[in-house]
Amino acid sequence: PVDLVYVEPRRKPVIDSLQQRKGKDDARIVIEKTQAKLKTAGVSSSIHLLSETLSVAHAISEFAENKKAIFTICVAAKRSRTRKLLLGSTARQVLT
């Protein structure tokens, strides 16, 4: 089975001022559409909505480790260049 995970980031006023965040409801819609496509392809999946712990990358890594995941795929919303420069990539943080 495939675990579809969304980690809700903590509010960070300075960072959030650089670009408006999408809400948890938007994430749920995307995840549910992905789950429907997987079901159509005959792949079972489950949805997990998590809260950020130390970081979004840490929450993903911790979840994957607890599930003994074979591999992890990270997708993220489009970020502004300034935000990307300041924060880097969640996928890159998961790898390190």
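This is a predicted model, so every value here is computed, not measured.

Relative to the elements of secondary structure, Ser45 occurs in strand 2 (residues 45–51). Setting aside residues no more than four positions away along its own chain, Ser45 makes contact with Val2, Leu4, Gln35 and Leu38.

On to a nonpolar patch on the surface. A surface patch of nonpolar side chains, about 450 Å² in accessible area, is lined by Ile70, Phe71 and Ile73. You can see Phe71 is positioned in the loop between helix 3 (56–67) and helix 4 (81–87). Accessibility expressed as a relative area gives 61% for Phe71, which makes it exposed.

What counts, and at which threshold
Residues numbered from 1 in each chain as written. Predicted model: local features only at pLDDT ≥ 70, side-chain atom pairs only at ≥ 80, totals over all residues. Heavy atoms only, no water. Helix = DSSP H or I, 4+ residues; strand = E, 2+ residues; numbered from the N terminus. Contact = heavy atoms within 4.5 Å. Patch = residues over 30% accessible without salt bridge, like charges linked within 9 Å, V, L, I, M, F, W, Y side chains within 5 Å. Areas by Shrake-Rupley, 256 points an atom, 1.4 Å probe, with all protein chains shown as cover. Salt bridge = Lys/Arg side-chain N within 4 Å of Asp/Glu carboxyl O. Buried < 20%, exposed > 50% of the residue type's maximum accessible area, 1.4 Å probe, protein only.

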